[in-house]
Amino acid sequence: MSNNSDYGLEAPPVPTIGTEHADDTIKILLATDNHIGYLERDPVRGQDSIDAFREVLQLAVKNDVDFILLAGDLFHENRPSRDCLYQVMALLREYTLGDRPIQVELLSDPNDGKAASYSFPAINYEDPNLNVAIPVFSIHGNHDDPQGAGPEGALCALDMLSVSGLINYMGKIDLPLDDAEAQNTGIAIRPVLLRKGNTRLGLYGVGNVKDQRMHFELRSNRVRMYMPRDKDSWFNILLLHQNRVAHGPQQSVPEGMFDDSIDLVVWGHEHDCRIVPEPVAGKRYYITQPGSSVATSLADGEALEKHVALLKIQGKEFELTPIPLRSVRPFVIDDLVLSEVAEEEGFDVNDKIEVARCLKAKVNELIERANAEWDERNARAVSEGEPELPRPLPLVRLKVDTTGVSEMSNPVRFGQEFQGRIANPRDVLVFHRSRKGTSRASKIKADVPELSIDDPNLSTGEKLSKVRVQTLVREYLAAQELQLLGEGGMSEAIETFVEKDDIHAIQNHVTIALRSLMKGVQATGEDLDENDFEEIVDKVRDAQEKQQAENQTSISTKDKGKGKATNDDSDASIDSMMMDVDAGSDFEAQMSDAPPPPKARSATKKAAPARKAPARGKGKATATPISDDDEDEDEIEDEAPPPPKRTNRAAVLSQSSKKAPAKSTTKKAAASKAGASKATQSTLSFAPAGRSSTRAAATRAKRKVAETIELDSD
């Protein structure tokens, strides 16, 4: 075991295994927050996350582990690039597939959580078509959580890796459709049950959900864990990816709110390394926080040495050994108060040349310290028989307190002098001012509206509880009197940009909104007068805002009742593995009471004479006969039975997309009926207006066909 003082912690009682028996010991490699794809376009740091993940897999092979556990944020972005996916899949195939026998036996249902409408199991090494050597189990984090509402529901990058047989994706739970449903449903966690010799292990995974909801569910005792009847003889691990540090009254998950049957909690999302197991007051379980394997911010917590953990479990005993990651780029951070240094060295803080000289000396000192730390770490590894690694460019951050300094030089220009010596020359310096030396009168008043959190009658705790991205954005936009863009859509776009790291969300929304606004103004058919233009734009914008609000309401109304199935026996035996919450669906019950669809017209009805639709384009498409039989076929399509409803998260989020084809088919049938009552059928013409008509196009088509026939006869 490593010394706990290395992590800045008091020495807690370290769990150990008394007498280790190899046949009964399960060995697991723990890692969290790999953030693969972070700064992948950076020429210096672009491969840092991939290199760290490669080392994690190599350590798993070296230590001959039974499987790997990842606690979320495998990817840095919700939609990783193709290059990112390519490298991850190649690494998983290189290090986790092979003919090495799996020594852990799966006791739970291998089909629990499998892809709908497919036959292969959810656990990859139970698939006879795959040769898995080291299974990988992972939950999703807040960076790579499921999104979208396609035919298969909400999907994420882990779903891609799961169906390809490279990762076992666990912890994907159903989400409530609205606030009313959220008050009546909880979180159900089904385990992956494993056994090796006499050791039985239960893995309980919970992918990232909103901290407010998780806090509420735990406080309300509505997190149901499906455990075996003899749960006390199992070693139970809980994987979660939530805030551990409190950012507000309900912006974190308390450490002491988990079930007493849990033995070890693997905590993801927090990046500072607290990997040594920490006991929880009043509880029998421990918490380990491996931290991230790559620095995604130049903060103090990221400067700690990065580790993964080798976890050994035997019976109800466990032992955790931290393993440092050698490939991680060294990172040092320090603070400097410019006024104090100027007083000690005797120079004027407003002398830019002297200030720059002082800052350069400090940065050079930090570079030397980072290189010394790398050399020391490298020498220690070489003495243990590891190969020597080349020294990378370090990460250096100097936080400068500029209180009392009237003007500072450009930090980006300052960093250019360290190009080729550090990995982050553009942001090596960060300037800040102490609040104590700054008065309210001296602050520059920006032209911003007064927000709800600016209320002087609120306490600090109440202000923190009101800090929400969506609330601040909505209040700010409401005070700006937007002339072209609506407040609702813009608020959603900004929220997507902040929470999902979608850099194109705002740009896409602005483009679509402006295009829709232009079409709406042109569709009014009025002669636009400069004096009335603003009034017309306001009308169109208000109509679009109203339509968007109605769409949101209709979506939630249509999907209502299609959430998770209810459980009539929830009070009987909540710890029994015999429980089944997927017995039925509220939505199916509602559908059974609905009136039957209208009967289609008889297929034996006398068909009307076929009509020919005018040709389209410039004579390249021939006329197609259209009869009433096609209309009958469209109506028959409406009677097709709906696909079986699922109660998982994918089904919940895909209701709107599943209903769309039926609605479009109905519209198509109505359009066909309307066309049958007319003498001619209107068609779409993609020719520019004023250039040619459909009749001229048909004439050219007839002439083209005649010329083709003459050529064939020759």
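Everything discussed here concerns the structure shown above.
Report on the accompanying structure.

Conventions adopted
Residues numbered from 1 in each chain as written. Predicted model: local features only at pLDDT ≥ 70, side-chain atom pairs only at ≥ 80, totals over all residues. Heavy atoms only, no water. Buried < 20%, exposed > 50% of the residue type's maximum accessible area, 1.4 Å probe, protein only. Helix = DSSP H or I, 4+ residues; strand = E, 2+ residues; numbered from the N terminus. Pairing = 2+ DSSP bridges. Phe/Tyr/Trp six-rings, centres within 6.5 Å; stacked < 30°, edge-to-face > 60°. Contact = heavy atoms within 4.5 Å. Axes fitted to C-alpha atoms, helices over the stretch in contact; angles between N-to-C directions. Salt bridge = Lys/Arg side-chain N within 4 Å of Asp/Glu carboxyl O. Parallel < 35°, antiparallel > 145°, perpendicular 65-115°, else oblique. Left-handed = near helix turned anticlockwise from the far one by under 90°. Core = buried A, V, L, I, M, F, W, Y, C linked by side-chain atoms within 4.5 Å. Expected span 1.5 Å × (residues − 1).

Some details on the pairing of strand β13 (residues 264-268)
Here's step 1: Judged by how many residues are buried, β13 sits mostly within the fold: 5 of 5 residues are covered.
Here's step 2: On β13, burial covers both faces: Leu264, Val266 and Gly268 on one face and Val265 and Trp267 on the other are all buried.
Here's step 3: As defined by bridge partners, strand β12 (residues 235-241) adjoins β13 across 5 bridges and the pair is classed as parallel. Within β13, the position partnered with histidine 241 by the bridge is glycine 268.
Here's step 4: With 3 bridges connecting them, β13 and strand β15 (residues 286-289) associate as parallel partners. Looking at β15, one finds that leucine 264 is bridged to tyrosine 286.

A closer look at the sheet that holds strand β14 (residues 274-279)
Here's step 1: Here we have 7 strands laid out as an open sheet, ordered β3-β9-β10-β12-β13-β15-β14, and mixed in their pairing. The sheet terminates laterally at β3 (105-106) and β14, the two strands that pair on one side only.
Here's step 2: Alignment of β14 against β15, held across 3 bridges, turns out to be antiparallel. Paired with proline 279 across the bridge in β15 is tyrosine 286.

Comments concerning the packing of aromatic side chains
Here's step 1: This structure, assessed with the given rule, holds 7 aromatic pairs.
Here's step 2: Arranged with centres 5.7 Å apart and planes meeting at 70°, the rings of tyrosine 286 and phenylalanine 318 form a pair that is edge-to-face. With tyrosine 286 in strand β15 and phenylalanine 318 in strand β17 (residues 317-324), the pair connects residues that are 32 residues apart, well separated along the chain.
Here's step 3: A relative accessible area of 18% places tyrosine 286 in the buried class.

Brief notes about the environment of asparagine 221
Here's step 1: With respect to the element layout, asparagine 221 can be found in the loop between α5 (211-219) and β11 (223-225).
Here's step 2: Residue classification places asparagine 221 among the exposed residues on the basis of a relative accessible area of 68%.

Focus: the sheet that holds strand β1 (residues 26-31)
The pairing of strands in a sheet happens through backbone hydrogen bonds and is either parallel or antiparallel.
Here's step 1: Pairing within the open sheet is mixed, and its 6 strands lie in the order β7-β4-β2-β1-β16-β17. Sheet topology places β7 (168-169) and β17 at the edges, where each strand pairs with a single neighbour.
Here's step 2: Looking at chain direction, strand β4 (residues 136-139) and β7 are connected through 2 bridges and run parallel. Paired with phenylalanine 137 across the two strands is asparagine 168, which belongs to β7.
Here's step 3: Helix α1 (residues 48-62) rests against β1, β2 (67-71), β16 (307-314) and β17 of the sheet, and its axis sits at about 170° to β1.

Some details on the pattern of salt bridges
Here's step 1: In this structure the tally under the stated criterion is 28 salt bridges.
Here's step 2: Taking the shortest distance from any N to any O, the salt bridge between glutamate 217 and arginine 213 comes out at 3.4 Å. In this pair, glutamate 217 and arginine 213 are both assigned in helix α5, 4 residues apart and thus about one turn of the helix distant.
Here's step 3: Arginine 213 sits in the buried class, given a relative accessible area of 14%.
Here's step 4: A salt bridge links glutamate 278 to arginine 244; its shortest N-O distance comes to 3.1 Å. Of this pair, glutamate 278 sits in strand β14 while arginine 244 sits in the loop between β12 and β13; the two residues are 34 residues apart in sequence, bridging distant segments of the chain. As far as burial versus exposure is concerned, glutamate 278 and arginine 244 are alike and both buried.

Structural notes on the packing of α1 against helix α2 (residues 82-96)
Here's step 1: Running from amino to carboxyl end, α1 crosses α2 at an angle of 15°, the nearest separation of the two axes being 10 Å. Regarding the angle of α1 to α2, the classification is roughly parallel. In this structure, α1 meets α2 at a crossing whose hand is right-handed. Counting all contacts with α1, which are made through Ile50, Phe53, Arg54, Leu57, Gln58 and Val61, the residues of α2 involved are Gln87, Val88, Leu91, Leu92, Tyr95 and Thr96.

Points about unusual backbone geometry
Here's step 1: In this structure, aspartate 73 takes a positive phi of about 55° despite not being glycine.
Here's step 2: Tracing the backbone shows aspartate 73 in the loop between β2 and α2.
Here's step 3: Accessibility expressed as a relative area gives 1% for aspartate 73, which makes it buried.
Here's step 4: Positive phi outside glycine occurs at histidine 269, with the angle close to 90°.
Here's step 5: Mapped onto the elements of the fold, histidine 269 is located in the loop between β13 and β14.

A short note on the nonpolar core
Here's step 1: Counting residues in hydrophobic clusters, the biggest one holds 33 residues, and the most contacted among them are Leu29, Phe53, Ile68, Leu74, Leu92 and Leu161.
Here's step 2: With 6 residues, α1 is the largest single contributor of residues to this core.
Here's step 3: Here leucine 29 is in contact with Val56, Leu59, Ala60, Val65, Phe67, Ile68, Leu69, Val308, Ala309 and Ile323, once residues within four sequence places are set aside.
Here's step 4: Phe67, Val104, Leu264 and Leu320 belong to the second largest nonpolar core, which has 31 residues in total.

Here's the deal with α1
Here's step 1: Over its 15 residues, α1 extends 21 Å from the first C-alpha to the last, a length consistent with the 21 Å expected when each residue adds 1.5 Å.
Here's step 2: All buried positions along α1 are accounted for by Asp48, Ser49, Ile50, Ala52, Phe53, Glu55, Val56, Leu57, Leu59 and Ala60.
Here's step 3: Directly beyond the C-terminal end of α1, a positive phi value near 55° is found at aspartate 64.

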